[in-house]
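# Structure at a glance
The residues making up each chain are set out below.
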Amino acid sequence: MSLLENAREMAGDLARLRQDLHTEPELGLHLPRTQDKVLAALDGLPLEITTGDALSSVTAVLRGGRPGPAVLLRGDMDALPVTERTGVPYSSRFPERMHACGHDLHTTMLAGAARLLADRRQDLAGDVIFMFQPGEEGWEGAKVMIDEGVLDAAGERPIAAYGLHVLSTVLPGGLFTSRGGPMLAAGDALTVTVRGKGGHGSTPHLSVDPIPAACQMVTALQTLVTREFDVFDPVVVTVGAFHAGTAGNIIPDQAVLELTVRTFSDTNRAKIQKRIIELLMDTGAAYGLTVDAAFGRGYPVTVNDPEESAFAGDVVGDLLGADRYLIAPRPITGSEDFSYVLEEVPGAFIALGACPPHLDPATAPFNHSAEAMFDDAVLPDGAAIYAGLAERRLAMAE
Ligand SMILES: [Zn+2]
Ligand SMILES: [Zn+2]
């Protein structure tokens, strides 16, 4: 039987596992129930399994029947603090916990791929590392797993790494898409505190008012983006929160702004961070205010290796047909901690349309929405693509 036929035979098991994961979502780096379910799904397979220390990760290594290098496949496992409103019968049992980004599908497809590849182990020309990762949604789980040695789990660094991500909208169900170069943005966050001196609203000359200066900062940030950055290497700066004051006749002591910044190159990422801080500090100084602002560590740009991305397109074309793959015309402005893996290992991040057939991908709720829905019908094909990527990449290296 072909890889695809084997995968499609597992459709019922895959849907059951996905719905079981969906019912009990967990957040952050510690997902004990999810980890148990993954271990149960892998039970009996000829895998070398280790679990994480600082997080509830599962790393499984499959040794091929023939010698060769290693390839890494990654699926993330964590959910989001959202209260589900899809109405599906397997909805989350918990308020403020939902698999709204479809990571339950990634976990399931990766477990399916482990089963598919274990069945073909004798012909496999090398090893496969299965990276079941907690904490993608802002917890740097991939970085923690790298620090705990996932890239060396098979004994040597993998020659390639692949990750799949489902989308509840934009793409029609079953369509795979990727591109060489930047695939997802770097996502950086900044909290800015503009400090002045509070006072009576009737006597502003006796205080140092942070509000007009903070307003100028908001508009100046947009001018900075349009005047100093190449329109073909985009930068997005959004001030998503602006908090100051309590009443109309009181000048507050401070204003607090919260920003998200998206970039698609390391050059622009470094430049915008430097220029934002300079602009904020200088604007504050011009009005006699002090400004506290320092960027933390956000996720880097997710950069696909052009050859690995083209290879992924070939695998989808061979296994499912050329009409199931689209070269992405542009990157996505979301961000991903798989970027840390791709900083170390050439590979590709691939999006998979999972919009259910009764919804229109042009208008269906996006990932992270309380109403985001993902179609179980994509699970066998996704598992087959994970497995096909590993099998063929190893064969290619022979
Ligand atoms: Zn997400
Ligand atoms: Zn996600």
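All of the points below concern the structure found in this document.

Rules behind the numbers
- Residues numbered from 1 in each chain as written.
- Chains lettered and ligands numbered in written order.
- Predicted model: local features only at pLDDT ≥ 70, side-chain atom pairs only at ≥ 80, totals over all residues.
- Heavy atoms only, no water.
- Helix = DSSP H or I, 4+ residues; strand = E, 2+ residues; numbered from the N terminus.
- Contact = heavy atoms within 4.5 Å.
- Areas by Shrake-Rupley, 256 points an atom, 1.4 Å probe, with all protein chains shown as cover.
- Lys, Arg positive; Asp, Glu negative; His and termini not counted.
- Charge placed at Lys NZ, Arg CZ, Asp CG, Glu CD.
- Pairing = 2+ DSSP bridges.
- Buried < 20%, exposed > 50% of the residue type's maximum accessible area, 1.4 Å probe, protein only.
- Arc of directions from axis to C-beta.
- Donors = N, O, S within 2.8 Å, 3.2 Å for Na, K, Ca; no water.
- Axes fitted to C-alpha atoms, helices over the stretch in contact; angles between N-to-C directions.
- Core = buried A, V, L, I, M, F, W, Y, C linked by side-chain atoms within 4.5 Å.

## Structural notes on the overall build of the chain
For the chain, the helix and strand inventory stands at ten helices and 16 strands. Taken over the C-alpha atoms alone, the chain extends approximately 80 × 45 × 40 Å along its principal axes. Nonlocal contacts in the chain, meaning residues at least 24 apart in sequence, comprise 81% of its contacts between residues at least 6 apart. Accessible surface, the chain as shown: approximately 16400 Å² in total, 53% of it carbon and sulfur. Of the charged side chains in the chain, 30 are positive and 53 negative; the average position of the first set lies 2 Å away from that of the second.

## Things to note about the pairing of strand β12 (residues 254-263)
Across ten bridges, the pairing between strand β8 (residues 186-195) and β12 is antiparallel. Looking at the pairing, Leu190 lines up with Leu259 of β12. Bridge analysis of strand β10 (residues 235-244) against β12 gives nine bridges, and the strand direction is antiparallel. Counted as the bridge partner of Val237 is Val261 from β12.

## Quick look at helix α3 (residues 32-42)
Every buried residue of α3 is listed here: Thr34, Gln35, Lys37, Val38, Ala41 and Leu42. One face of α3 carries all of its buried residues, which in axial projection span an arc of 160 degrees. Count one or two residues on from α3 and you reach Gly44, which has phi positive near 90 degrees.

## A word on the coordination of the zinc ion (ligand 1)
Looking at the zinc ion (ligand 1), the protein donor atoms are Cys101 (SG), Glu137 (OE) and His368 (NE2), and they sit 2.0 to 2.3 Å from it. All donor residues of the zinc ion (ligand 1) come from one chain, and their arrangement in sequence is C-x35-E-x230-H. Between the zinc ion (ligand 1) and the zinc ion (ligand 2) the interatomic distance comes to 3.1 Å, and Cys101 is a ligand of both metals. With Glu137 in the loop between β4 (125-133) and α5 (141-147) and His368 in the loop between β16 (347-353) and α10 (379-397), this pair connects stretches of sequence that are 231 residues apart. For His368, a relative accessible area of 39% translates into the label partly exposed.

## Description of the sheet that holds β10
The strand order β10-β12-β8-β13 describes an open sheet built from four strands, whose pairing is antiparallel. Two strands bound the open sheet, and with one partner strand each, they are β10 and β13 (290-293). Mean inter-strand twist for the sheet, computed between neighbouring axes without regard to direction, equals 20 degrees. Pairing analysis gives four bridges linking β8 to β13, with the strands arranged antiparallel. Within the sheet, the bridge partner assigned to Arg195 lies in β13 and is Thr290.

## Let's talk about the nonpolar core
Counting residues in each nonpolar core, the largest one holds 61 residues, and the members touching the most others are Leu42, Leu73, Leu117, Val128, Phe130, Phe132 and Phe176. Residues contacting Phe176, with those up to four places away along its chain left out, are Leu164, Val316, Leu320, Arg324, Tyr325, Leu326, Ile350, Ala351, Leu352, Asp381, Gly382 and Ile385.

## Focus: the sheet that holds strand β1 (residues 47-51)
Pairing is mixed in the open sheet, where eight strands are placed in the order β1-β2-β4-β3-β5-β16-β6-β15. In this open sheet, the two strands that pair with only one neighbour each are β1 and β15 (325-327). Pairs of neighbouring strands in the sheet enclose a mean axial angle of 20 degrees, with direction left out of account. Here two bridges tie strand β6 (residues 176-178) to β16, and the two strands are oriented antiparallel to one another. When the bridges of β16 are listed, Thr177 appears paired with Ala351. Contacts from helix α8 (residues 306-320) reach β5 (160-167), β6, β15 and β16 within the one sheet, and its direction differs from that of β16 by about 45 degrees. Against the sheet, α10 touches β3 (66-76), β4, β5, β6 and β16, its axis set at about 150 degrees to β3.

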